[in-house]
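Survey of secondary and tertiary structure
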Amino acid sequence: VQAACMFIAVAWTARLAPLPLSDGRAMTARRESFAHSIVEGWKFSWHNQTVRAGILCTTIVCALMFPFTTLLPVFARDLLRVGAEGQGLLLAAMGLGALMSAATIALAGHRLTRGRVMIDSSIVYGLTLVVFAASHWYPLSIVAMVVAGLCHVHANALVHTVVQSHSPPAYRGRTMALFNMSQMLSTAGSMLIGLLAFLFGSRGAVAAMGTVGALGIVILVWLMPRARQIK
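These lines cover the structure that appears in this document, whether it is placed above or below. Note that the coordinates shown come from a computational prediction; the quantities given were computed from them, not determined experimentally.

Some details on the overall build of the chain
When its secondary structure is counted, the chain shows 11 helices and zero strands. The helix and strand sequence of the chain, counted from the amino end, reads α-α-α-α-α-α-α-α-α-α-α. Overall size of the chain, expressed as C-alpha extent along the three principal axes, is 65 × 40 × 35 Å. Out of the 231 residues in the chain, the part that is buried amounts to 40%. Long-range pairs, those at least 24 residues apart, make up 83% of the contacts in the chain with a sequence separation of at least 6. Of the charged side chains in the chain, 17 are positive and 6 negative, and the gap between their average positions amounts to 7 Å.

Structure below.
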């Protein structure tokens, strides 16, 4: 099913007309080296506060919050004692939350204050992980997974929109490359949460990562108050 959806996406993308560039911009783009193009993308993303806030938000979420899924088998088998079937339901619950979030964004995304939603969802995401880590009751863990799925898509999908809509055409490809690079930090986060689980146990690792992630978003808002006002 995923391959079929990717094929549809490729077919539709191939039909997009290229954005016309002025002669001056086209010549400049052709003269830029690959390394210089990357550096210019980093500079633009750092100096544009809206894009910087979005990329930092998704970096915190992907590096410190989403990696908790690495330890789901441990929670299902050893802590909640629900086995592989229970783990399947936990993942399904997260998927349900993600589907609810996607539907909300599709239906009302243009009416949302994107900065407020992505920031608040990220904070709730971190606090939800603390609840999930402390839960000994399987139904509560299911509810926490629904909320985590909803918050994860709320944060990432809206950041994706913010980065694209606040980047001029000349830099949009480079800012999206940075956005995707920041999402890849979930691999490093998985290594970190594994180390923390070895030191403090699985519950302590998830709670610590969730707490630090939520605090990271709070610090982000403190340093960039206008992040919650992004349209």
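Topic: the state of the cysteines
Using the criterion set out here, one finds zero disulfides in the structure. Of all cysteine sulfurs in the structure, the one in Cys62 sits closest to Cys57, which takes part in no disulfide; the separation is 9.1 Å. Classification of Cys57 as buried rests on a relative accessible area of 0%.

Looking at the layout of surface pockets
Taken as a whole, the second largest pocket encloses approximately 210 Å³ of empty space. Contributing to the lining of the second largest pocket are Trp42, Ser45, Trp46, Arg52, Ile55, Leu56, Thr59, Leu178, Met181 and Ser182. Those elements giving two or more residues to the lining of the second largest pocket turn out to be helix 3 (34-47), helix 4 (49-65) and helix 9 (169-183). Tallied by class, residues from the lining of the second largest pocket come to six nonpolar, three polar and one charged.

Some thoughts on helix 3
One turn of the α-helix equals 3.6 residues, which is why residues spaced by three or four share an orientation. The end-to-end C-alpha distance of helix 3, which contains 14 residues, comes to 20 Å, matching closely the 20 Å that a straight helix rising 1.5 Å per residue would cover. On its buried face, helix 3 sits against helix 4 and helix 9.

Regarding the nonpolar core
Counting 53 residues, the largest nonpolar core has Phe68, Ile119, Tyr125, Phe132, Met145 and Val206 as the members making the most contacts within it. Put simply, the parts of the chain that give this core at least two residues each are helix 4, helix 5 (72-79), helix 6 (83-108), helix 7 (114-134), helix 8 (138-165), helix 9, helix 10 (186-200) and helix 11 (202-223). A total of 11 residues in this core trace back to one element, the largest contributor, which is helix 8. Sequence-distant contacts of Tyr125, that is, excluding residues within four places in its chain, are made with Val61, Met65, Phe66, Phe68, Met94, Ala148, Cys151 and His152.

Quick look at helix 7
For helix 7, built from 21 residues, the straight-helix expectation of 30 Å at 1.5 Å per residue is met to within 8% by its first-to-last C-alpha distance of 30 Å. Taken as a whole, helix 7 has its buried residues at Gly115, Val117, Met118, Ile119, Ser121, Ser122, Tyr125, Gly126, Thr128, Leu129, Phe132 and Ala133.

Observations concerning the environment of Leu107
By the secondary structure assignment, Leu107 is in helix 6. With relative accessibility at 66%, the residue Leu107 sits in the exposed group. A sequence separation of 71 residues divides Leu107 from Leu178, and the C-alpha atoms of the two residues are 27 Å apart.

A look at unusual backbone geometry
Backbone geometry places Arg81, a non-glycine residue, at a positive phi of 55 degrees. Along the chain, the position of Arg81 falls in the loop between helix 5 and helix 6. Given the relative accessible area of 68%, Arg81 is considered exposed.

Some remarks on the packing of helix 4 against helix 8
At a minimum axis separation of 9 Å, helix 4 and helix 8 run at an interaxial angle of 150 degrees. Here helix 8 runs roughly antiparallel to helix 4, going by the angle between their axes. Crossing of helix 4 against helix 8: the hand is left-handed. Here Thr50, Val51, Gly54, Ile55, Cys57, Thr58, Val61 and Cys62 of helix 4 come into contact with helix 8, specifically with His152, Ala155, Asn156, Val159, Val162 and Val163. Split into classes, the residues belonging to the contact of helix 4 with helix 8 amount to nine nonpolar, five polar and no charged.

A few points about the environment of Tyr125
Summarising the element assignment, Tyr125 is placed in helix 7. Residue Tyr125 is classed as buried on the basis of its relative accessible area of 0%.

A look at a nonpolar patch on the surface
A surface patch of nonpolar side chains, about 500 Å² in accessible area, is lined by Val124, Val131, Trp137, Leu140, Val143 and Val147. Of all the elements in the fold, those that place two or more residues in the nonpolar patch are helix 7 and helix 8. Looking at the nonpolar patch element by element, the count peaks at three residues for helix 8. Positionally, Leu140 belongs in helix 8.

Quick notes on the rules
Residue numbering note: each chain is counted from 1, following its sequence as written. Confidence filtering applies because this is a predicted model: local features only for residues at pLDDT of at least 70, side-chain atom pairs given and counted only at 80 or more, and all residues used for totals across whole chains, interfaces and linings. Side-chain calculation: all heavy atoms of the structure are included, whereas hydrogens and water are not. Secondary structure elements are taken from DSSP: a helix is a run of H or I of four residues or more, a strand is a run of E of two residues or more, and numbering for both begins at the N terminus. The buried label goes to any residue with under 20% of its type's maximum accessible area, the exposed label to any with over 50%, and the partly exposed label to all in between, with areas taken from a 1.4 Å probe on protein chains only. Throughout, a contact is declared for two residues whenever any of their heavy atoms are within 4.5 Å. Working convention for charge: Lys and Arg count positive, Asp and Glu count negative, and His plus the chain ends are omitted. By convention, the point assigned to a charge is CZ for Arg, NZ for Lys, CD for Glu and CG for Asp. Cysteine sulfur atoms are paired as a disulfide whenever they fall within 2.5 Å. Cavities and pockets are found on a 1 Å grid laid over the protein atoms alone: a cavity is a set of points where a 1.4 Å probe fits but cannot escape, a pocket is an open set with protein on both sides within 12 Å along at least five of seven lines, and a lining residue has an atom within 4 Å of such a point. Grid points are joined across faces, edges and corners, and a volume is the space filled by probe spheres set on the points. Any residue outside Ala, Val, Leu, Ile, Met, Phe, Trp, Tyr, Cys, Pro, Asp, Glu, Lys and Arg is labelled polar, Gly included; the first ten of those are nonpolar and the last four are charged. Expected helix span is given by 1.5 Å per residue-to-residue step, counting one fewer step than there are residues. In this description, a nonpolar core means a group of buried Ala, Val, Leu, Ile, Met, Phe, Trp, Tyr and Cys residues linked to one another through side-chain atoms lying within 4.5 Å. Lines fitted to the C-alpha atoms define the axes, with helices restricted to the stretch that makes contact. Angles between their N-to-C directions range from 0 to 180 degrees. Relative orientations are named as follows: roughly parallel for angles under 35 degrees, roughly antiparallel for angles over 145 degrees, roughly perpendicular for angles from 65 to 115 degrees, and oblique for any other angle. Each crossing gets its hand from how the near helix is turned against the far one by less than a right angle, where anticlockwise is left-handed and clockwise is right-handed. Within the patch definition used here, like charges are joined within 9 Å and nonpolar side chains (Val, Leu, Ile, Met, Phe, Trp, Tyr) within 5 Å, considering only residues with over 30% relative accessible area and no salt bridge. Residue-level accessible areas treat just the shown protein chains as cover; the underlying method is Shrake-Rupley with a 1.4 Å probe. Salt bridges are counted wherever a side-chain nitrogen of Lys or Arg sits within 4 Å of a carboxyl oxygen of Asp or Glu.

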